[in-house]
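Structure assessment
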Amino acid sequence: MNADIAPTTAPHPDPAQPTTPTRHFTIRLSATPRGARLARRLAAEQLHTWGWPYDTEANHIATLLVSELATNATLHGRVRGRDFRLRLTLHPEDATLRIELTDARPAHRPPTPGTLPPPSPDDDSGRGLLLVETLSTHWGTTCGDPYTKTVWCEVALE
């Protein structure tokens, strides 16, 4: 398990105003159900550290989003021997959290936002991305290289 926590300073449009630090948390986890559970717990802890305590609605929503995306990464993005990466980016100036889950299966892309089919009432699964679409302000998929894809979403914490 590798963790990289690197706070950086985001540029501010007015040089007379102090800059607001953008905070990052990144970790690689095994693409297993255990890795998905750990992603959820680490996200809750990180949000608590950044000022959104465990018992807040913002922490609960963000943790649910991480859980859904991490579960999808383990179910649909798993390649034997390859991890998935969780990255959280907090933009304090507007209290926005960007959640990114990167897995090793770029060919297995989810439907695009706004085109998710409704699940059958008889299905026990298939509602994760509907939750992501409902609870986040934006979401989507990017492929930065031929070996990975990133499913991301953004959520307003306040």
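Here we summarise the structure given alongside this text. Model, not experiment: these values are computed from the prediction.

**Overview of helix α3 (residues 128-135)**
- For α3, every residue scored as buried is listed here: Gly 128, Leu 129 and Val 132. For α3, the arc enclosing every buried residue in end-on projection is 95 degrees, short of the 170-degree limit, so these residues lie on one face.

**Some details on the side chain of Lys 149**
- One can find Lys 149 in strand β7 (residues 148-156).
- Classification of Lys 149 as buried rests on a relative accessible area of 3%.
- A polar contact of 2.9 Å, which involves the side chain of Lys 149, links it to the side chain of Asp 103.
- Reaching out from Lys 149, the side chain makes a polar contact with the backbone oxygen of His 108 at a distance of 2.8 Å.
- Leaving out residues up to four positions away in the same chain, Lys 149 has contacts with Gly 77, Leu 101, Thr 102, Asp 103, Arg 105, Pro 106, His 108, Arg 109, Pro 110, Thr 141, Thr 142 and Cys 143.

**Focus: the packing of helix α1 (residues 33-49) against helix α2 (residues 57-76)**
- It is at 8 Å that the axes of α1 and α2 come closest, and there the two elements cross at 155 degrees. With respect to their mutual orientation, α1 and α2 come out roughly antiparallel. Remark: the crossing between α1 and α2 carries right-handed chirality. Residues Ala 36, Ala 39, Arg 40, Ala 43, Ala 44, Leu 47 and His 48 of α1 lie in contact with α2, whose contacting residues are Asn 59, Ala 62, Thr 63, Val 66, Ser 67, Ala 70, Thr 71 and Thr 74.
- Of the residues belonging to the contact of α1 with α2, the class tally is 8 nonpolar, 6 polar and 1 charged.

**A look at the pairing of strand β5 (residues 96-103)**
- Of all 8 residues in β5, 8 are buried; the element is thus mostly enclosed.
- Side chains Thr 96, Arg 98, Glu 100 and Thr 102 of β5 all project onto a buried face; the interleaved residues Leu 97, Ile 99, Leu 101 and Asp 103 project onto the opposite face, where all are buried too.
- Sheet analysis places strand β4 (residues 83-91) next to β5, joined by 7 bridges and oriented antiparallel. Note on β5: the bridge partner recorded for Arg 87 is Glu 100.
- The sheet contact formed by β5 and β7 spans 8 bridges and is antiparallel. Paired with Leu 101 across the two strands is Val 151, which belongs to β7.

Cut-offs and rules
Residues numbered from 1 in each chain as written. Predicted model: local features only at pLDDT ≥ 70, side-chain atom pairs only at ≥ 80, totals over all residues. Heavy atoms only, no water. Buried < 20%, exposed > 50% of the residue type's maximum accessible area, 1.4 Å probe, protein only. Helix = DSSP H or I, 4+ residues; strand = E, 2+ residues; numbered from the N terminus. Arc of directions from axis to C-beta. Polar contact = N/O pair within 3.5 Å; in protein donor to acceptor, adjacent residues only side chain to side chain. Contact = heavy atoms within 4.5 Å. Axes fitted to C-alpha atoms, helices over the stretch in contact; angles between N-to-C directions. Parallel < 35°, antiparallel > 145°, perpendicular 65-115°, else oblique. Left-handed = near helix turned anticlockwise from the far one by under 90°. Nonpolar A, V, L, I, M, F, W, Y, C, P; charged D, E, K, R; others polar. Pairing = 2+ DSSP bridges.

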